[in-house]
Amino acid sequence: MTRYPLGEYEADQITSKTGKKLSDITLDEIKKGNISADDIKISKETLKKQGEVAMQADNPAMKANFDRASELVDVPDEVILRMYNQLRPHRSTKRQLVEMAQELLEKYNAVSCAKLVMEAAEIYEKRGILL
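Residues numbered from 1 in each chain as written. Predicted model: local features only at pLDDT ≥ 70, side-chain atom pairs only at ≥ 80, totals over all residues. Heavy atoms only, no water.

Right, let's talk about the nonpolar core for a bit. In this structure, Val79, Met83, Leu97, Met100, Leu104, Val117 and Tyr124 are the most contacted members of the largest nonpolar core, which totals 17 residues. Counting residues per element, the ones that place at least two in this core are α5 (77–86), α6 (94–108) and α7 (111–127). If you tally residues by element for this core, the top one is α7, at six residues. (Core = buried A, V, L, I, M, F, W, Y, C linked by side-chain atoms within 4.5 Å. Buried < 20%, exposed > 50% of the residue type's maximum accessible area, 1.4 Å probe, protein only. Helix = DSSP H or I, 4+ residues; strand = E, 2+ residues; numbered from the N terminus.)

If you want it as structure tokens, here you go:
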């Protein structure tokens, strides 16, 4: 059973995207210059642990959010920002959203995220909020 909060109970098991242990990311290490911005980015594994906690709390919707977030760890920030802007109402055509979903699936293996974008494309079309 995963204990929450993870930072309190599992600090030695939690690693950043670069593999640094949470317990090693300290203010002193930051001051010494031993911690970079990438060292404080969350890892897929930590997000999946958060999903486990959500399931233990009988919250499958939150688990699904953590699963999607774990898929996005390897997606570059500029791609995520572009996606965020394209998913806003009246910012994209259906084709652009379909292409975004394809990119998520084919380039980043983000299956759940691609499915969510496709669902958004269908809903946006029904609501008349596409370009």
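Another aspect to go through is the pattern of salt bridges. This model, assessed by the stated rule, comprises 11 salt bridges. A salt bridge links Glu125 to Lys94, with the shortest nitrogen-to-oxygen separation between them at 2.9 Å. Here Glu125 is found in helix α7, whereas its partner Lys94 is found in helix α6, with 31 residues between them in sequence. Overall, the relative accessible area of 41% leaves Glu125 in the partly exposed class. Overlapping salt bridges bring together Asp28, Glu29 and Lys32 as one network. (Salt bridge = Lys/Arg side-chain N within 4 Å of Asp/Glu carboxyl O.)

Notably, His90 is not glycine yet its phi reads approximately 65°, a positive angle. Mapping His90 onto the fold places it in the loop between α5 and α6. His90 sits in the partly exposed class, given a relative accessible area of 46%. If you check the backbone angles, Asn109 has positive phi at about 55° while not being a glycine.

With that settled, consider the side chain of Glu71. Mapped onto the elements, Glu71 comes out in helix α4 (residues 60–72). Of the side chains bearing the opposite charge, Lys48 lies closest to the buried Glu71, which forms no salt bridge; the N-O distance is 6.9 Å. A polar contact is formed between the side chain of Glu71 and the backbone nitrogen of Cys113, at a distance of 2.9 Å. Other than its neighbours up to four places away in sequence, Glu71 contacts Ala110, Val111, Ser112 and Cys113. (Lys, Arg positive; Asp, Glu negative; His and termini not counted. Polar contact = N/O pair within 3.5 Å; in protein donor to acceptor, adjacent residues only side chain to side chain. Contact = heavy atoms within 4.5 Å.)

Bringing the packing of helix α3 (residues 44–56) against α4 into the picture now. Helix-helix packing: each pair is described by the crossing angle between the helix axes and the interaxial distance. Two numbers describe how α3 lies on α4: the axes approach to 8 Å, and their chain directions differ by 175°. Here α3 is positioned roughly antiparallel relative to α4, judged by the angle of their axes. Each of Lys44, Leu47, Lys48, Gln50, Gly51, Ala54 and Met55 in α3 lies in contact with α4, whose residues at this interface are Pro60, Met62, Lys63, Phe66, Ala69 and Ser70. (Axes fitted to C-alpha atoms, helices over the stretch in contact; angles between N-to-C directions. Parallel < 35°, antiparallel > 145°, perpendicular 65-115°, else oblique.)

What follows deals with the packing of α4 against α7. Interaxial distance between α4 and α7 falls to 7 Å at its minimum, and their mutual angle equals 110°. Taken together, α4 and α7 sit at an angle that is classed as roughly perpendicular. Counted together, Arg68, Glu71 and Leu72 of α4 and Val111, Ser112, Cys113 and Leu116 of α7 form the full contact between these two elements. Partitioned by chemical class, the residues of the contact of α4 with α7 number four nonpolar, one polar and two charged. (Nonpolar A, V, L, I, M, F, W, Y, C, P; charged D, E, K, R; others polar.)

This next bit is on α7. Think of an α-helix as 3.6 residues a turn; residues three or four steps apart then line up on the same face. Over its 17 residues, α7 runs 24 Å from end to end, which matches the ideal 24 Å to within 8%, given 1.5 Å per residue. Taken together, the buried positions of α7 are occupied by Cys113, Ala114, Val117, Ala120, Ala121 and Tyr124. Buried residues of α7, seen end-on, are gathered within an arc of 115° and therefore sit on one face of the element. Within α7, the exposed residues directed more than 90 degrees away from the buried face are Lys115 and Lys126. If you follow the buried residues of α7, they end up packed against α4 and α6. (Expected span 1.5 Å × (residues − 1). Arc of directions from axis to C-beta.)

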